Amino acid sequence: MSAQLGRENVHDLGPEEVARGLAEGKVLLIDVREPKETAVERYPEAFYLPMSEFDPAAIPDPAGRRVVFACRSGNRSVTASLMAQAAGLPYDAHLAGGLKAWKALGLPTET
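Residues numbered from 1 in each chain as written. Predicted model: local features only at pLDDT ≥ 70, side-chain atom pairs only at ≥ 80, totals over all residues. Heavy atoms only, no water.

## Looking at the pairing of strand 2 (residues 27-31)
The buried fraction of strand 2 is high, at 5 of 5 residues. Burial of strand 2 is two-sided: the residues Val27, Leu29 and Asp31 facing one way and the residues Leu28 and Ile30 facing the other way are all buried. Where strand 2 and strand 4 (residues 66-70) come together, 5 bridges link them in parallel fashion. Paired with valine 27 across the two strands is arginine 66, which belongs to strand 4. Sheet topology note: the strand 2/strand 3 (residues 47-48) ladder contains 2 bridges and is parallel. Paired with aspartate 31 across the two strands is tyrosine 48, which belongs to strand 3. (Buried < 20%, exposed > 50% of the residue type's maximum accessible area, 1.4 Å probe, protein only. Helix = DSSP H or I, 4+ residues; strand = E, 2+ residues; numbered from the N terminus. Pairing = 2+ DSSP bridges.)

Here you go:
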């Protein structure tokens, strides 16, 4: 058995579940998109940690909330989760489909 972490180590959460978790104060959303992307449109209440300078040690204390990574389509968020896990952090969730899925459901963004 390989000790290497793979895609199966990351849990997909749907936009509705993440939005509900944010509203209930149960989710800390970490957006790993780059500044040129977040300058155009942002998730409300997200903490920004661009993938180009991603350091798991820079993730703020979730204070009992579930850490969920997010990006545009769901690829970089999986990578961020795996990097956090490789650093010994228990952060195993991402927003499946990213901002594209979020917007497809009509969930709010900030511009």
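## Quick word on the side chain of glutamate 41
Its location among the elements puts glutamate 41 in the loop between helix 2 (35-38) and strand 3. With relative accessibility at 14%, the residue glutamate 41 sits in the buried group. Discounting chain neighbours no more than four positions away, the residues touching glutamate 41 are Arg33, Leu99, Lys103, Thr109, Glu110 and Thr111. (Contact = heavy atoms within 4.5 Å.)

## Points about the side chain of histidine 94
Relative to the assigned elements, histidine 94 resides in strand 5 (residues 93-95). Within the structure, the side chain of histidine 94 is placed 2.7 Å from the side chain of serine 77, a separation counted as a polar contact. Sequence-distant contacts of histidine 94, that is, excluding residues within four places in its chain, are made with Arg7, Val10, His11, Asp12, Leu13, Val68, Phe69, Gly74, Ser77 and Val78. (Polar contact = N/O pair within 3.5 Å; in protein donor to acceptor, adjacent residues only side chain to side chain.)

## Regarding helix 1 (residues 15-23)
Listed in full, the buried residues belonging to helix 1 are Pro15, Val18, Ala19, Gly21 and Leu22. For helix 1, the angular spread of the buried residues around the axis is 160 degrees, confining them to a single face. (Arc of directions from axis to C-beta.)

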